[in-house]
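The primary structure of each chain is shown beneath.
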Amino acid sequence: MATGTTLSAAISLGAPLGRLAILSAILIVLPLSFPNPFFFDVAVKVGLSAIVCVGLNLLSGYAGQISLGHAGFFALGAYGTALLSIKLGVHGLIAAPVIATVVGLLAHVIARPILKLKGHYLAMATLGLGIIISIVLNREIWLTGGPDGLSVPAMRLGEFKLRAIEFWYWIVAAFLIVAVWLAENLVNSPAGRSLRALHSSEIAAATAGVDVPRAKALVFAFSAVLASIAGAFFVFAERFITPADAGFLRSVEFLTMIVFGGLGSTYGALVGAAILTALPQLVAAFAEYKHVAIGIVLIATMIFMPRGIVPTLADLFGRRVGR
Amino acid sequence: MTSSIVRLRLEPMIAPQPSHRLLEIRNLSRAFGGVKAVNDVSFVVTAGRIHALIGPNGAGKTTLFNLVAGVVRPSAGQVLLDERDVTDLPTAERAQAGLQRTFQNLQTFSELTALESVMVGAHLRSEPSFLKALFNTPAIRQANAEARDRAEMLLQRVGLDTFRDSRSDAMPYGALKRLDIARALAAEPKLLLMDEPAAGLNPAETATMRDLIADIALQGVTVLLVEHDMKLVMSIAETIVVLDQGQKLAEGTPDEIRRSPEVIRAYLGGGIRRRRS
């Protein structure tokens, strides 16, 4: 209890930079406890889920727009970067930002018609989007390798082959800190406040002068860019991807992570991503019934702590995190 | 001689001249199916006054209000704000043009604290850039600081400084109504449309609301209110437009409206005088 209070007090130091420093410290110290590379691999997967969730939380948690298609953007980033370097010989360091830009523009274009929809209809439209991407990846075998997946050679930097998972841990950790910093900046800016405003009342937000369609399209595009970059890092680090990583169930997992962690709390998204990504990797029993477990977690969260784990715990300690 | 110099220097400082046509409604009509909710209504709202729009239930007040606010598009006619045609402008652009409204059925930002809600209003004039926001540039920090100062000042003005960090679900109804007004004022409107500001308030709260509206007008914001509370309307409105069955029935000062035979017949009901009116 005592440590919990100190931790909570430390987390809610107020200045976003204070919390960012704590996150950085955790990410630096954590590898000291890793007995073997497998744990680095799990940590990389956690970090990549966390990057997707930070973006998805801006869209769903803060702006209140549900997406069931974000695994699609993750896969576009992964396959796009992989194919650009395999087929056209573009270096990964160039391919990843190029693809992320393309995915961002694509998301921005489709955002306007999609985000006119609300509630279930929006969820259905994004679900359809994710399924279309998944079908293309499964069917266009000549390009994507189909359901068997796509192997990617290790990235080269001069004479070095960057295949050590430890190396990618540090890259992913660094980018995660950047993503959290960007997200927290946005949340505490005029644009971010507009997003949180339109969450509860689009008409009142428009009255206050918020260009609602523009705001929604931008946050949708930004969350897609983060998912795409996470996908690119995934191919660099794991060197293998299958269409399953683009599937509907992956999208549901991402959404469950942010709901479990706490909608509208960036650090909640991190906690949700960490717990729900690491558990199936570390506990065999959980892995076997992963989707059942994800469903149970989602239901239990809705019933017992609808605001998610981080805001609920923070309130328990009398402090507020994530604002 | 001296007085004319003083007058010359003062004149541009009286920003909205009394005769300035701030809002002009020209032959506005809106039909829902076969029902003509608003039928060929025209009137002018001059700058720097308190105007009221009244009428019995179903007279078309809400529809007219929504037409001006941009929530509903007219079937015919024009809305001019500051001599500019805003008939087809979306709500957000009307805000840029200097129009704000309050809501009868409260539309609060339940994700935000009272302070943040008012800051959203103040952001109308701040840096909207998404990209700059991501990198927390000096322009963003300055916009945040300015909006915060302004919001704090306005919360104090409407008497809500004690609710500064409360979420709207933890605030009483009367406070939310004043929060809505602070949010609207933060955008520095030329014209403030108020949808039944006294609805649901007790007599003491209504008196406070009356003083607040009078104060807003004194600060140079033109007010157009739709209101059922006749006592409130008659005591603060300088001009009143009466609607009945979608059409303009009368227009004039409270005294003229009170004495108008058509208004008494259609609105107050067959010559029976209400004690309070």
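Reading the values: rules and limits
Residues numbered from 1 in each chain as written. Chains lettered and ligands numbered in written order. Predicted model: local features only at pLDDT ≥ 70, side-chain atom pairs only at ≥ 80, totals over all residues. Helix = DSSP H or I, 4+ residues; strand = E, 2+ residues; numbered from the N terminus. Buried ≥ 20, exposed ≤ 12 C-beta atoms within 10 Å, placed from the backbone. Contact = placed C-beta atoms within 7 Å. Nonpolar A, V, L, I, M, F, W, Y, C, P; charged D, E, K, R; others polar. Domains from an automatic or database assignment. Expected span 1.5 Å × (residues − 1). Arc of directions from axis to C-beta. Pairing = 2+ DSSP bridges.

**Quick notes on the overall build of chain B**
The helix and strand inventory of chain B stands at 11 helices and 10 strands. Considering chain B as a whole, with its 277 residues, one finds that 43% of them fall into the buried category. Counting contacts in chain B only where the partners sit at least 6 residues apart, residues at least 24 apart contribute 65% of the total.

**Focus on the interface of chain B and chain A**
Across the boundary between the two partners, chain B contributes 35 residues, which contact 25 residues of chain A. At the level of secondary structure, the elements contributing two or more residues to the side of chain B that touches chain A comprise helix 3 (91-96), strand 6 (99-101), helix 4 (114-122), helix 5 (130-134) and helix 6 (138-157) of chain B. Tallied by class, the residues present in the side of chain B that touches chain A amount to 18 nonpolar, 12 polar and 5 charged.

**Considering the domain arrangement of chain B**
Put simply, an interface is often sized by how much accessible area is lost when its parts join up. Residues and elements named next belong to chain B. The domains assigned to chain B are domain 1 (19-98 + 190-277) and domain 2 (111-188). Summarising the inter-unit geometry, the C-alpha centres of domain 1 and domain 2 are found 27 Å apart. Contact residues are listed per partner, giving 9 residues for domain 1 and 9 residues for domain 2. Going through the elements one at a time, helix 3 and helix 8 (203-218) are the ones with two or more residues in the side of domain 1 that touches domain 2. Sorting elements by how many residues they give to the side of domain 1 that touches domain 2 places helix 8 first, with 3 residues. In terms of residue class, the side of domain 1 that touches domain 2 is built from 6 nonpolar, 2 polar and 1 charged.

**Comments concerning the environment of glycine 268 of chain A**
Residues and elements named next belong to chain A. Examined against the element boundaries, glycine 268 turns out to sit in helix 13 (residues 266-282). By the C-beta count within 10 Å, which is 29 here, glycine 268 ends up buried. Along the primary structure glycine 268 and glycine 64 are separated by 204 residues, whereas in three dimensions their C-alpha atoms are 16 Å apart.

**Some points on helix 8 of chain B**
All names here are of chain B. For helix 8, spanning 16 residues, the distance from its first C-alpha to its last is 23 Å, which sits close to the expected 22 Å at 1.5 Å a residue. All of the buried residues in helix 8 are Met209, Ile213 and Ile216. Down the axis of helix 8, the smallest arc covering the buried residues is 60 degrees, so these residues share one side. Every exposed residue of helix 8 that faces more than 90 degrees away from the buried side is listed here: Pro203, Ala204, Asp211, Asp215 and Leu218. Those residues of helix 8 that are buried lie in contact with strand 3 (50-54), helix 7 (173-186), strand 7 (191-195), strand 8 (222-226) and helix 9 (230-236). At the exit of helix 8 stands glycine 220, carrying a positive phi of roughly 100 degrees.

**Some points on the pairing of strand 4 (residues 76-81) of chain B**
In summary, the side chains of a regular strand alternate between the two faces of the sheet. Residue and element names in this part refer to chain B. The pairing of strand 1 (residues 21-32) with strand 4 spans 5 bridges and is antiparallel. Its bridge partner being in strand 4, arginine 26 is matched across the sheet by glutamine 78. Sheet topology note: the strand 4/strand 5 (residues 84-85) ladder contains 2 bridges and is antiparallel. Bridging from a neighbouring strand, leucine 81 pairs with arginine 84 of strand 5. From the end of strand 4 to the start of strand 5, which pair antiparallel, there are 2 residues, and aspartate 82 there has a positive phi angle of about 55 degrees.

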